[in-house]
Amino acid sequence: MNANTLFLRLEGPMQAWGNQESKFVIRRTAEAPTKSGVIGMLCAALGVSRQQAAEKWLPKLNALRMGVRTDVPGVRWWDYHTIGAGMQMRIAEGDGKTKPGALLTRREYLCDASYLVALMGEPTIIAELKEAIKAPRWTLYLGKKSCIPSRPLLEHPPGEFPDLISALASVPWRKRLKEDKKTHFLNCLLDWEPTPEQPEAPDDALVWFDVPCSFEPPVHRPRFVVRKQLSLGNDVDIAELPASSKTPPRPRPRADYNNTEYKKARSARLDADHGLCVFCKSPAVTTHHITYRRAGGYEAHEDLRSLCRLCHDAVTMIEYGLGRSLDRINPEEPHWKGEINKKRAEIVKFRSLETRRRHFGAEFAEEVE
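Residues numbered from 1 in each chain as written. Predicted model: local features only at pLDDT ≥ 70, side-chain atom pairs only at ≥ 80, totals over all residues. Heavy atoms only, no water.

J.: Whenever I open this one, helix H5 (residues 260-272) confuses me. Can you help?
T.: An α-helix turns once every 3.6 residues. As a result, residues three or four positions apart point the same way. A rise of 1.5 Å per residue sets the reference length of H5, with its 13 residues, at 18 Å; its end C-alpha atoms lie 18 Å apart and thus fit the reference within 8%. Among the residues of H5, those classed as buried are Tyr262, Ala265, Arg269 and Leu270. Looking straight down H5, one finds that the buried residues subtend no more than 135 degrees of arc, so they occupy a single side. In this structure, H5 carries Thr260, Lys264 and Asp271 as exposed residues pointing more than 90 degrees from its buried face. Each element contacted by the buried residues of H5 is listed here: strand S9 (286-289) and strand S10 (304-307). Capping the start of H5 is the job of one residue whose side-chain oxygen sits 2.8 Å from the backbone nitrogen of Glu261: Asn259. Following H5 by one or two positions, His274 adopts a phi angle in the positive range, close to 60 degrees. (Helix = DSSP H or I, 4+ residues; strand = E, 2+ residues; numbered from the N terminus. Expected span 1.5 Å × (residues − 1). Buried < 20%, exposed > 50% of the residue type's maximum accessible area, 1.4 Å probe, protein only. Arc of directions from axis to C-beta. Contact = heavy atoms within 4.5 Å. Polar contact = N/O pair within 3.5 Å; in protein donor to acceptor, adjacent residues only side chain to side chain.)

Shown next as structure tokens:
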């Protein structure tokens, strides 16, 4: 099969596809990958410099027809940038006065977006581009060097198709996570070219200035782009398995009271506290974790506090009532004093009642109630 269409999966935490509006201090991003951005990525894979691109490669790459299917539109985010530290910046006083400073810029990104790009052209150049992307000469990124792909660019194999819309419809749509809601339509942006049936661009065609004539200096010419929609389940199949699974939570550290290292840390803490409860100064019988972040034999000296049994039970009950997880109560902190004393009194009262019940039987319990 002589594949005439190359597919690129462009997905990552952040993407930025500059257009003709991305100039000066406000750098916006287009709604989808631009032809200039995709061709720049192909040049990086081929190892073609900015200066060399215009001489040989740009005419070939510009001849490729391009279509983009938006599988996940993503969210637009702004970032704050400073450029330079000693640039001569104009000040408000006017008269051309300047002072050293940094240029402030705002950069827009597409976050968590996913696109399927179809490039259609001669089978020979499609095969050459495929091999170049398999083993790129330079790093490939999604519009900016900080925007790296999170899925393989060549996730979908090349194929032979009569037009762009059929090529984009051939790749099943896949949920990112199993829990994600299913969409109903996929928006597509397609290169428009004149045909005998339609010699002029339709009224709803868009004009994108993203066909590179030169990268150094940057010069672009316009192209017509038309919007199409593909229906999920009718035009495009839905893949059974999601693209990825949720990252499992990190295992919670748990105390191991039989661990030799824990026993050493416990003994060292009791010695440091002179065998006394840090709260009530009664003889200490145990140590209390004020954090479980290093539990399991990795406890540091400051993770433990010496407590008597009564204070340990009081502190533990307060922690359970508050739903504390890794970070617990430090009984040495003054603001816990009232709560701990109150809980100690409740425990003493309950234990004394239980003791009397065991000694005097059910008649005592009925009298108390």
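J.: Any chance you could explain helix H3 (residues 123-134) here in plain terms?
T.: The terminal C-alpha atoms of H3, which comprises 12 residues, lie 17 Å apart, in line with the 16 Å expected from a rise of 1.5 Å per residue. Taken together, the buried positions of H3 are Ile125, Ile126, Leu129, Ala132 and Ile133. End-on view of H3: buried residues confined to an arc of 125 degrees, all on one side of the axis. Facing away from the buried side of H3 by over 90 degrees, the exposed positions are Thr124 and Lys134. Buried residues along H3 sit in contact with strand S1 (5-15), helix H1 (35-46), helix H2 (50-62) and strand S5 (98-120).

J.: Even after reading the chapter, I still don't get the side chain of Thr105, so can you show me in this structure?
T.: Looking at the element boundaries, Thr105 is found in strand S5. Those residues in contact with Thr105, other than ones at most four positions away along the chain, are Phe24, Val25, Asp79, Tyr80, His81 and Ile83.

J.: Would you mind going over the environment of Leu46 with me for this structure?
T.: Looking at the element boundaries, Leu46 is found in helix H1. When its relative accessible area of 17% is taken as the criterion, Leu46 is described as buried. Taking C-alpha positions, Leu46 is 7.9 Å from Trp138, a pair spaced 92 residues apart along the chain.

J.: What is the right way to read the pattern of salt bridges from this model?
T.: Should their charged atoms come close, side chains of opposite charge can pair. Within this structure, the stated rule accounts for 21 salt bridges. Taking the shortest distance from any N to any O, the salt bridge between Asp71 and Arg69 comes out at 2.7 Å. In this structure, Arg223 and Asp191 form a salt bridge, with 2.3 Å as the shortest nitrogen-oxygen distance. Placement of the pair is Arg223 in strand S8 (residues 218-231) and Asp191 in strand S6 (residues 185-191), with a sequence separation of 32 residues. Classification of Asp191 by relative accessible area gives buried; the value is 7%. A network of salt bridges, in which partner residues are shared, links Glu11, Arg151, Glu155 and Arg176. (Salt bridge = Lys/Arg side-chain N within 4 Å of Asp/Glu carboxyl O.)

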